[in-house]
Amino acid sequence: MDPLLQVFVKVAEKQNFTRAAEELHMTQPAVSQHIQTLERLTGTKLIERNNKYVKLNKAGQIVYHHAKEILGLYTRMNHLLDDLMNRASGTLAIGASYTYGEYILPHLIAQLRAQYPDIQPTITIGNSHEITELVSNHQLDIGIIEMEIEPKDVYIEPFAEDEMFIIASAHHPCAQKQTATMEELCRETWIIREQGSGTRKATDQLFAKSYCYPRQLMEFGSTQLIKEAVEAGLGITFLSQWTVRKELALGSLRQIHIDDAPFVRQFSFITQKTPFYTKAMEVFIDILREQGATKSFLGG
């Protein structure tokens, strides 16, 4: 691994030469020397610094972006080489959308750790768009998303279905009915996720499909916050069945039934386009496919 890039990335992320030196177990003058050498080799200044801050200039941002990719590829190469001689082990950087990452993935990670204790997973949670970007930039090994994307520079494979429910507080008038119409529901306040979220895309598709465009929308960036707001009576929402299992069982939230076919979307995993996967990646993909096929995400 190029130590110049390693030091540069650490300084960029810590925004401080002293903290970077501590984490790298180097002296601060040595860190400064590495940065100066890299700037000399690239022929341009990369970092602006004074007594108050250290930050990347435009050239530094370009180098940082590609340095992260290079270091990620180097780590992946070493893992592949290790796998030729060893059983599934090593780090596995997993990203997931909020729905899958917060409500399903923990159960699969527990299964992974039970079967392969030498695999060390790290988890990143974000909306589907953010996870796709991180996989594309080689900052994640695998991502799990809940929206359709154009598979430009990543491999995408649907592996499971997810049914979506219209949800309201247990005391909401529409929740007391056997069925409600989308025309009625359009007059309600809808609490929805932010742009870039797979749940938001599904919600927009529901509106388009039913020609229902509510005038009153509240946009929240957290599924848990949405559930709390709906339970408090602020409005209704559209969420994955997996996110509301406990609340429906407890009766604090209720599903609003409509005279229409169930809304079903796909969970998909995405990886970098490559003919080579580490053993850790292979066994995790096998677990995803198995759980998707049996629909036993939560042990049910």
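Being a predicted model, the structure only gives us computed values, none of them experimental. (Residues numbered from 1 in each chain as written. Predicted model: local features only at pLDDT ≥ 70, side-chain atom pairs only at ≥ 80, totals over all residues. Heavy atoms only, no water.)

Chemist: Teacher, can you tell me more about the pattern of salt bridges here?
Modeler: Working definition: two side chains of opposite charge can pair if their charged atoms are close together. Evaluation of the coordinates by the stated rule reveals 11 salt bridges. Its salt-bridge partner being Lys 177, residue Glu 184 comes within 2.3 Å of it at the nearest N-O pair. Through salt bridges with shared partners, a single network forms among Lys 10, Lys 14 and Glu 23. (Salt bridge = Lys/Arg side-chain N within 4 Å of Asp/Glu carboxyl O.)

Chemist: How do you make sense of the state of the cysteines when you look at a structure like this?
Modeler: Here a disulfide denotes one covalent bond, and it connects the sulfur atoms of two cysteines. The final tally for this structure, using the stated rule, is one disulfide. Each sulfur in the disulfide pair Cys 186 and Cys 212 lies 1.8 Å from the other. Of this pair, Cys 186 sits in the loop between α8 (182-185) and β7 (190-192) while Cys 212 is found in the loop between α9 (198-210) and β8 (217-219), placing the two residues 26 residues apart along the sequence. Of the residues examined, Cys 212 reaches a relative accessible area of 1% and is grouped as buried. Cys 174 takes part in no disulfide bond, and the closest cysteine sulfur to it belongs to Cys 186, at a distance of 11 Å. (Disulfide = S-S within 2.5 Å. Helix = DSSP H or I, 4+ residues; strand = E, 2+ residues; numbered from the N terminus. Buried < 20%, exposed > 50% of the residue type's maximum accessible area, 1.4 Å probe, protein only.)

Chemist: Explain the packing of helix α2 (residues 17-24) against helix α3 (residues 28-42) to me, please; I cannot follow it from the model alone.
Modeler: The axes of two packed helices give the description: the angle between them and the distance between them. One way to put it is that α2 packs onto α3 with a least axis distance of 9 Å and a crossing angle of 105°. Classified by the angle their axes make, α2 and α3 are roughly perpendicular. Facing Phe 17, Thr 18 and Ala 21 of α2, the residues of α3 in contact are Gln 28, Val 31, Ser 32 and Ile 35. Partitioning the contact of α2 with α3 into residue classes produces four nonpolar, three polar and no charged. (Axes fitted to C-alpha atoms, helices over the stretch in contact; angles between N-to-C directions. Parallel < 35°, antiparallel > 145°, perpendicular 65-115°, else oblique. Contact = heavy atoms within 4.5 Å. Nonpolar A, V, L, I, M, F, W, Y, C, P; charged D, E, K, R; others polar.)

Chemist: Any chance you could explain the packing of helix α1 (residues 3-14) against α2 here in plain terms?
Modeler: Taken N-terminus to C-terminus, the directions of α1 and α2 make an angle of 130°; their axes are 8 Å apart at the nearest point. As judged from the angle between their axes, α1 and α2 are oblique. For the pair α1 and α2, the crossing hand works out as right-handed. Where α1 abuts α2, its residues Gln 6, Val 7, Lys 10, Val 11 and Lys 14 lie against Phe 17, Arg 19, Ala 20, Glu 23 and Leu 24. Grouping the constituent residues of the contact of α1 with α2 by class yields five nonpolar, one polar and four charged. (Left-handed = near helix turned anticlockwise from the far one by under 90°.)

Chemist: Explain a nonpolar patch on the surface to me, please; I cannot follow it from the model alone.
Modeler: A grouping of Tyr 74, Met 77 and Leu 81 is seen on the molecular surface, where their side chains present a nonpolar patch of about 270 Å² in accessible area. Relative to the elements of secondary structure, Leu 81 occurs in helix α4 (residues 58-83). (Patch = residues over 30% accessible without salt bridge, like charges linked within 9 Å, V, L, I, M, F, W, Y side chains within 5 Å. Areas by Shrake-Rupley, 256 points an atom, 1.4 Å probe, with all protein chains shown as cover.)

Chemist: Help me understand the environment of Thr 179, please; the structure alone is not making it clear to me.
Modeler: Structurally, Thr 179 is set in the loop between β6 (154-169) and α8. We classify Thr 179 as partly exposed; its relative accessible area is 35%. With 103 residues separating them along the chain, Thr 179 and Arg 76 place their C-alpha atoms 52 Å apart.

Chemist: Would you explain the side chain of Thr 203 in this entry?
Modeler: Mapped onto the secondary structure, Thr 203 falls in helix α9. A relative accessible area of 1% means that Thr 203 is categorised as buried.

Chemist: It is not clear to me how the pairing of strand β5 (residues 142-145) should be interpreted in this structure. Could you clarify?
Modeler: Put simply, side chains in a regular strand alternate between the two faces of the sheet. Going residue by residue along β5, you find Ile 142 and Ile 144 tucked away on one face and Gly 143 and Ile 145 tucked away on the opposite face as well. Of the pairings in the sheet, the one linking strand β3 (residues 90-96) to β5 comprises three bridges and is parallel in character. Bridging from a neighbouring strand, Ala 96 pairs with Ile 144 of β5. (Pairing = 2+ DSSP bridges.)

Chemist: Can you help me understand the packing of aromatic side chains in this one?
Modeler: For any pair of aromatic rings, geometry is given as the distance between the ring centres together with the angle between the planes. With the rule as written, the count across this model stands at six aromatic pairs. Between Tyr 100 and Phe 267, the aromatic rings sit 5.0 Å apart at their centres with planes inclined by 80°, giving edge-to-face as the arrangement. On the criterion of sequence distance, the pair formed by Tyr 100 in helix α5 (residues 98-103) and Phe 267 in strand β11 (residues 263-272) is long-range, its members being 167 residues apart. For the pair Tyr 100 and Phe 267, a shared accessibility class is recorded, and that class is buried. Arranged with centres 6.3 Å apart and planes meeting at 55°, the rings of Tyr 155 and Phe 269 form a pair that is tilted. (Phe/Tyr/Trp six-rings, centres within 6.5 Å; stacked < 30°, edge-to-face > 60°.)

Chemist: Teacher, can you tell me more about unusual backbone geometry here?
Modeler: Peptide bonds are mostly trans, and most non-glycine residues show a negative phi. Notably, His 138 is not glycine yet its phi reads approximately 65°, a positive angle. Residue placement: His 138 occurs in the loop between α7 (128-136) and β5. Its relative accessible area of 23% is what places His 138 among the partly exposed residues. Positive phi, normally seen in glycine, also occurs at Tyr 211, with a value near 55°. Among the structural elements, Tyr 211 can be located in the loop between α9 and β8.

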